[in-house]
Amino acid sequence: MIIFKLVWRRIRASLGSLLLTLIAIVAGVGFVSGSFILSDSLAATFNSIFEDAASTVDGQVQPKEAEFGFEPRTIPDTLATELQELPEVRKATPQVVYSNDSVNNFIATDTDGQEVYPQGSEQGPPVLTASWDGEEGGGLLIADGVVPNGIDEVALNQGYADLIPAAVGDEIEFVTPDGRKTFTVTATVELTTGGAAFVLFDFESAQTLYGKEGLVDTVSLSTEPGTTVEEMLAAVEAALPEDAEVIDQADVVAENVADFNQVIGIIRNVLLGFAGVALFVSLFIIYNTFAVLITQRMRQIGMLRAIGATRAQIRNSIVIEAFAVGLIGSIIGLAAGFLFALLIKAGFQAAGGFPETKNVLLPRTIIAAFSVGILAAVLSSLLPAVLAGRVSPIAAMRNERSQEGVFSSRVVAGAIVLVLGMVLLGLGLAGQSTAIGSLGETTVLLIELGVGAIAIFLGVAMLSIIFAGPLADLLGKGGFLGATMLGLGVGLLLLIFGIGDGVPDSVLRFISFAFKVIFAALGIILGTSIIVSVLRGGKATGIGGSAGALEGHLARRNASRSPQRTSATAMALTIGITLVTTVGIIGQSLKESVSGALERGVQADLFIYDNSFGSFESAVTTAIEEVDGIEQATGIRQNEVKIGTGDGGVVGVTAYDTTSGTDLIDPAVDQGQLGDVAPNGLLVSAEYADEQGYEIGDVVPVEFPNGNSQDFTVAATFTDTAIIDSQLAIDITTYDDNFSDDKDLFVAASLAEGSDEDRVRSDVEAITDEAGTFTVQNTGEYLDSLSGQVDGLTSLINYMLGFALFVAFIGVVNTIVLSVVERTREIGLLRAVGGTRRQIRSMVRWESVMVCLLGALVGVGLGVLFAQATVAAIPDSFIDRLSLPWETLVFTLLIASLAGMVAAVIPAFMASRRSPLEAISSAE
Amino acid sequence: MEDVTSQRVAAARAVGAQKVYGAGDTQVHALRDVSVEFAEGQFSSIMGPSGSGKSTLMQCMAGLDRLSAGEAFVGEVPLSGLGDNALTQLRRDKIGFIFQAFNLIPTLSAEENIVLPMSLAGRKPDSDWLTEVISATGLGDRMGHRPGELSGGQQQRVAVARALASRPDIIFGDEPTGNLDSKTGSEILEFMRKAVDQLGQTIVMVTHDPISASYSDRVLFLADGSIVDEMADPTTDAVFDTIRSLGD
């Protein structure tokens, strides 16, 4: 019990030193629990919306899912009438929707003729349209007016009506798939919509407007009183044609919710991934804090050992202390997570795009928060605890603090872990994996890559005690700029002229790259020492030197004297920097690969696509083709077909006008003739042809989603999978013959010789404005917009990583504070012999900068390594080149120095406030 | 020289104790074949210049460090045969310590510090004995205070009481007055004297101060790892003379 008392009193007394550690835990736990709370709340909200919507429905009839392909399926509307006749059915309500994969098809315009979007942007919540028979319930209530009944009447949800603005009785012009049309608003309705806008028509009008005459998408069912739901569903089931099915209310909700839940699940996992990174960073900080606290308490521990505390008691007291800190951190972290979720939701709600949500705190979230927080604290305290147990009782009689003596064992362990990580990563890159137990091959592969990367990281972190001291010293000695430039220069040269680039095997490539990184690192060290030796005679410059001889020297000594602490702090920062660098390089490489690959294959001058990336009527394509000044235009479509008669498998197929030759799209034909593809030929990717053993002229049976089969001849193979990202391509007329939809995803058009691009473009835009909401771009703009998407993604990832960097930053502050506290006596001495406050502050600041720079340098190095490994592992069709964003890398190093300065502000202030006497007389 | 050990049972003894640090050229012999006994109920001092091996001898006999050769006994228990846990237990139950730097836990009260060894063992202290020890400190009304609220002399009295509290077979002191001025130092030494005379305790103290040594029953002089002289019922002047003669 005395152990608990000791620990508790100790925590209360040293709350100050534990405060920043606590923040690290709180941040990690908060991120984890916030991710859970946010996603659970979202899921609950969507569930309840759909449950509301389905509350008046006992079941639903819908077409059976196609085995493959993206054919919109419908059932004849006569089925609704037939079902209505069944005695068990009270009401069978037929419904149509515009299309399953496209939004913003019926958009209201304001008095100026401009489209009105919720939140004023196409990227905001969508405008949806559906049929409505006027029945209230399920969260839908008429706010004003009467149910629309006629081809020129419409009902709107109240929010959208307010936005346009429109009142009952107003005539409003809409942009529809058939051009602009005017409808009279007959009703506004209250509807839980999650920010989306709803445009409702009566059923018959909707059929006409949606181009689905005689068809329905679903029929919702309610049960006649006196009949059970099961009886009703069974009766309906018996009456259904073969291609339709009936599902009960729970399944209706589940199907509606499934997509949302999938998206929410992805969001949650991504957030948790970043939370994991932040936690990983916290581990280093907690470890550091305990390691320092134990050095500080060396004498006390020695005394306890002398008067009879066992090793186990000492160890346990540290672990219990960590447990308590973890527990406190978890409680605060959970609260912080709740706040975090609330804030994000408030942000969304302020932007207007978010439904009123409940706040869901599942037991799972609480368990996760506590286990994560406590586990992180306890795990990272284990090593310090073991070391504390080994403190000799004689330490009670010594005044100086002895160093921990695990140097060599840690180096050996670090080397083993590093090698293990490289082997695993190498295996993963080579695609060498076997299914282990219930784990699939891909899972094992991912584990190899992930664990390999983490192991490499930990290995480097453990080994960093060898180089942290000297490197920090070197950095301080002034060679920083020179060293970095020289090192990066050598690294660059090695990258450009390096061995092994021609080696196709990714493992060899990885190994050769690892060598290059080692050489680059050697380059840094070599460069520094050269510069240092040159400077030694004259004045020292650079970081340490420029701070003035005394404090620069002391800062350098301080950073290099406790390599374990310096390395652990730097490594916390390194994690974040590594990931930022990796993401930055991959993003840059992806961007250059994408635009590089497309630049060759894209021959067209204009690109037109729907803003929601949905499909659109091919009439738009035809109209564009007619525009004066357009030489050629083709729609591009994608779908799925089944190869062979039995088990050939389902593959994606692209369709475009192959008779246009290579003027619009150049798929880089390898064998055969592009001209032979139309009408009944296949254009096969060289890779797939290889895999399947296809030769030009082979006959391949192809089955379409509608069940039709047709024999095709392999007409040509292509190699540019960037421009055609499916294994097969066919001519667009062949597509028309075999698929029931004739909608395009994309239009590529070329300009006639000598035509004026601006004029042609405005003619095309006139057509697309009429037809809906489209983007029209020329080649440059199109490629830029693709880069923009990659940029958007990388900056989103960087925001998330920024959080981990913030935690690491806290860690730097933590270490510097601890080291200032630890050196109280020394600082007092400096003050006593005449050191000014400024000098003390400067000393602390430079130490901080050195630690940060060290972390950033190692991080950039590892980041380059991991990025190279990743790029090597990703198929060339996706990323085929490595491109280093130099500005970002240099910028990272600059920011790291700056962060070091900022991190030192408080500790430097603390240090300079020490009075010489107080500092010298302080015993512990 | 009067044989003061023969009539009494030894609370602790060393036989042929050797302690060697390092190896090869850098080898240092801290103790060379030292044999010594500390009798029950006696207050002994160990003196000697820096590096004479006096601290090493005490540490090895107190089970804080291990001998390179020879044997140390506490009571009749040979220390070399004990593992770390058994040794820890021995220190906890049979040995008391007084440190130069007091070494109290700043977060515990004076009384909590005094009973710490028993608390670590998970035992209840003997309350009659504890009352006696606490009253001997003369700090009865300050037992609830933290060390930070006590003067240096008071803190060291608490530390001595901690060493006494478990009624150990022997108490080792490492320059117990080294951090105190001469007045408070003599108070502590009187307190230790009282512990031996009135409470029947056994104390071995390492010191370099002849005045401190004069409070003890017997002084051992160490130089270069060996016992070079011994004195019963020492006076300050006699100790001074011996030290001076050793210096020659």
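Structure report, in brief. Bear in mind that the values here come from a model prediction, so they are computed numbers and not experimental data. Each chain has its residues counted from 1, running along the sequence as written. Just so you know, chain letters begin at A and ligand numbers begin at 1, following the order they were written in. It should be noted that, the model being predicted, local features are given only for residues of pLDDT at least 70 and side-chain atom pairs only at 80 or more, the latter also being counted only at that level, while totals for whole chains, interfaces and linings use all residues. The side-chain numbers reported here are obtained from all heavy atoms of the structure, hydrogens and water having been left aside.

## As for the sheet that holds strand β5 (residues 77–78) of chain B
Residue and element names in this part refer to chain B.
Part 1: When DSSP finds two or more bridges between two strands, those strands count as paired. In DSSP terms, a helix is any run of H or I states spanning at least four residues, a strand is any run of E spanning at least two, and both are numbered starting from the N terminus. Strands sit in the order β2-β1-β4-β5 across an open sheet of four strands; the sheet is antiparallel. The outermost strands of the open sheet, each flanked by one partner alone, are β2 (28–39) and β5.
Part 2: Of the strand pairs in this sheet, strand β1 (residues 10–21) and strand β4 (residues 69–74) are connected by five bridges, and their pairing is antiparallel. Paired with R13 across the two strands is F73, which belongs to β4.

## Comments concerning the interface of chain A and chain B
Part 1: Each partner contributes residues to the interface: chain A has 24 residues there, and chain B has 26 residues.
Part 2: Buried surface at the junction of chain A and chain B, both sides included, amounts to about 2300 Å², of which 63% is carbon and sulfur.
Part 3: Contact with chain B buries surface across chain A, with A:R9, A:I307 and A:M397 losing the most and accounting together for 28% of the total.
Part 4: Salt bridges are defined by distance alone: a side-chain nitrogen of Lys or Arg within 4 Å of a carboxyl oxygen of Asp or Glu. Connecting chain A to chain B are two salt bridges.
Part 5: With a shortest N-O distance of 2.9 Å, B:D84 and A:R305 are connected by a salt bridge.
Part 6: Side-chain atoms alone can form a polar contact between residues adjacent in sequence; in general such a contact is a pair of N or O atoms within 3.5 Å, and within protein one must be able to donate a hydrogen while the other accepts it. In this assembly, chain A and chain B are joined by seven residue pairs in polar contact (both at pLDDT 80 or more).
Part 7: Where the side of chain A that touches chain B is concerned, the elements lending two or more residues are α1 (2–13), α8 (298–306) and α9 (311–350) of chain A.
Part 8: Lys, Arg, Asp and Glu make up the charged group, whereas Ala, Val, Leu, Ile, Met, Phe, Trp, Tyr, Cys and Pro make up the nonpolar group; the residues left over, Gly among them, are polar. Each residue belonging to the side of chain A that touches chain B can be placed in one class, and the counts come to 13 nonpolar, four polar and seven charged. Note on contacts: a residue pair is in contact if any heavy atoms of the two residues lie within 4.5 Å. The buried area of a pairing is the accessible area, by a 1.4 Å probe, that goes missing from both parts when the two are put together, added over both.

## A closer look at the packing of helix α23 (residues 837–873) of chain A against helix α25 (residues 905–913) of chain A
Residues and elements named next belong to chain A.
Part 1: Where α23 meets α25, the axes come as close as 8 Å, and the angle between the chain directions of the two elements is 145°. In this structure, α23 meets α25 at a crossing whose hand is right-handed. In contact with R837, I840, R841 and V844 of α23, α25 contributes P907, A908, F909, A911, S912 and R913.
Part 2: A breakdown of the residues in the contact of α23 with α25 according to their chemical character gives six nonpolar, one polar and three charged. Axis lines are fitted to C-alpha atoms, over the contacting stretch for helices. Their N-to-C directions set the angle, which ranges from 0 to 180 degrees. Handedness of each helix crossing follows the sense of rotation of the near helix against the far helix: counterclockwise by less than a right angle gives left-handed, clockwise gives right-handed.

## Some remarks on the pairing of strand β10 (residues 226–232) of chain B
All names here are of chain B.
Part 1: Across six bridges, the pairing between strand β9 (residues 218–223) and β10 is antiparallel. Directly across from R218, in β10, lies its bridge partner A232.
Part 2: Connecting β9 to the antiparallel partner β10 that follows it, the hairpin turn spans two residues, and D224 within it adopts a positive phi of roughly 55°.

## Brief notes about the environment of A:S618
All names here are of chain A.
Part 1: Looking at where S618 falls in the secondary structure, it is placed in helix α17 (residues 618–626).
Part 2: The buried label applies to any residue whose accessible area, calculated with a 1.4 Å probe on protein chains only, is under 20% of its type's maximum; exposed applies above 50%, and partly exposed to all values in between. The class of S618 is buried, set by a relative accessible area of 15%.
Part 3: It is 6.1 Å that separates the C-alpha atoms of S618 and D742, two residues lying 124 residues apart in sequence.
Part 4: Residue contacts for S618: discarding those within four places in its chain leaves R637, D742, K743 and D744.

## Some points on the pattern of salt bridges
Residue and element names in this part refer to chain A.
Part 1: Summed over all chains, the structure comprises 25 salt bridges over all chains.
Part 2: A salt bridge links E765 to R761; the shortest N-O distance between them is 3.8 Å. Taken together, the residues E765 and R761, both in helix α20 (residues 757–771) and four residues apart, mark about one turn of the helix.
Part 3: Salt bridges sharing partners connect three or more residues here, namely E757, R761, E765 and E781.

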